[in-house]
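As a plain string of letters, each chain reads:
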Amino acid sequence: MRRILAFLGVALALGLAQTLSPEALRGASPEEALLLAKRFREAGAQVISYVTPEAFFFEFPDGRKAQVALGDRFLVAVAPYRQRTHPCQVHYFSSCTGELREETFAVRVLEEGKEVLKAQVRTGKDGFFELWLPRNRRYTLEVRQGDWVAQGALTTFAQSPTCLTELRLSRR
């Protein structure tokens, strides 16, 4: 059994080592880039990854860089909080950490009072959940967890933040 576990650990490490290069991102979709950025962080890889309104960016330990364009959608990372947060404009998958990790929330996104998205989401080990939304829009974001609620503005323009850390949950 130990040999099997050791083999699986080595195979996993080799698989990650093979992806620690810009080549791992060639032809990747934005969704695949998101998963890879999360995978790098969870594995402790020394890859800097972040998302701007236009693209995912990756900086590898050997100095090489890569990017994956977002296309016609906008990605925003959201970290609701109760007690502590940090200011953020550009979401760094490699280092941003939110307070409420691995917790479930009910999320609604409204545009001019009309609901455009309603979902149950779960924050990752980093305390963030992500939303893919159409570009060049103004929304109201509502996050609920039991009787805790946060509400705030969310925009998806070229200068909009990709990291929302100012949604403080309060009891209603």
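Residues numbered from 1 in each chain as written. Predicted model: local features only at pLDDT ≥ 70, side-chain atom pairs only at ≥ 80, totals over all residues. Heavy atoms only, no water.

## Thoughts on the environment of Ser 29
By the element assignment, Ser 29 lies in the loop between α1 (2-19) and α2 (30-43). Taking relative accessible area as the criterion, Ser 29 reaches 24% and is therefore assigned partly exposed. Sequence spacing of Ser 29 and Gly 71 is 42 residues, and the spatial spacing of their C-alpha atoms is 9.4 Å. (Helix = DSSP H or I, 4+ residues; strand = E, 2+ residues; numbered from the N terminus. Buried < 20%, exposed > 50% of the residue type's maximum accessible area, 1.4 Å probe, protein only.)

## Here's the deal with the pairing of strand β3 (residues 65-69)
Only one face of β3 is covered, namely the face carrying Ala 66 and Val 68; the face carrying Lys 65, Gln 67 and Ala 69 is uncovered. The pairing of strand β2 (residues 55-59) with β3 spans five bridges and is antiparallel. Bridge assignment links Phe 58 to a residue of β3, and that residue is Ala 66. The turn joining β2 and β3, which pair antiparallel and follow one another in sequence, is formed by five residues; a positive phi near 95° is taken by Gly 63. (Pairing = 2+ DSSP bridges.)

## Considering unusual backbone geometry
A negative phi holds for most residues other than glycine; trans holds for most peptide bonds. Positive phi outside glycine occurs at Glu 112, with the angle close to 50°. Looking at the secondary structure, you find Glu 112 in the loop between β6 (104-111) and β7 (114-122). The exposure class of Glu 112 is exposed, given its relative accessible area of 79%. Of note, the phi angle at Asn 136 is positive, near 60°, even though the residue is not glycine. Counting through the fold element by element, Asn 136 comes out in the loop between β8 (129-134) and β9 (138-145).

## Notes on the sheet that holds strand β1 (residues 48-51)
Read from one edge of the open sheet, four strands run β3-β2-β1-β5, paired in antiparallel fashion. A strand with exactly one partner marks an edge of an open sheet, and here the two such strands are β3 and β5 (91-92). Across two bridges, the pairing between β1 and β5 is antiparallel. Bridge pairing links Tyr 50 to Tyr 92 in β5. Lying on the sheet, α2 is in contact with β1, β2, β3 and β5; it crosses β2 at an angle near 35°. (Contact = heavy atoms within 4.5 Å. Axes fitted to C-alpha atoms, helices over the stretch in contact; angles between N-to-C directions.)

## As for the state of the cysteines
According to the stated counting rule, one finds zero disulfides in the structure shown. Cys 96 takes part in no disulfide bond, and the closest cysteine sulfur, belonging to Cys 88, lies 3.7 Å away. (Disulfide = S-S within 2.5 Å.)

## Some points on the environment of Thr 104
Among the secondary structure elements, Thr 104 is positioned in strand β6. Sequence separation of Thr 104 and Phe 129 is 25 residues, and the distance between their C-alpha atoms is 9.5 Å. With sequence-adjacent residues up to four places away left out, Thr 104 is seen in contact with Gln 120, Val 121, Arg 122 and Gln 145. A polar side-chain atom of Thr 104 sits 3.2 Å from a polar atom in the side chain of Arg 122. (Polar contact = N/O pair within 3.5 Å; in protein donor to acceptor, adjacent residues only side chain to side chain.)

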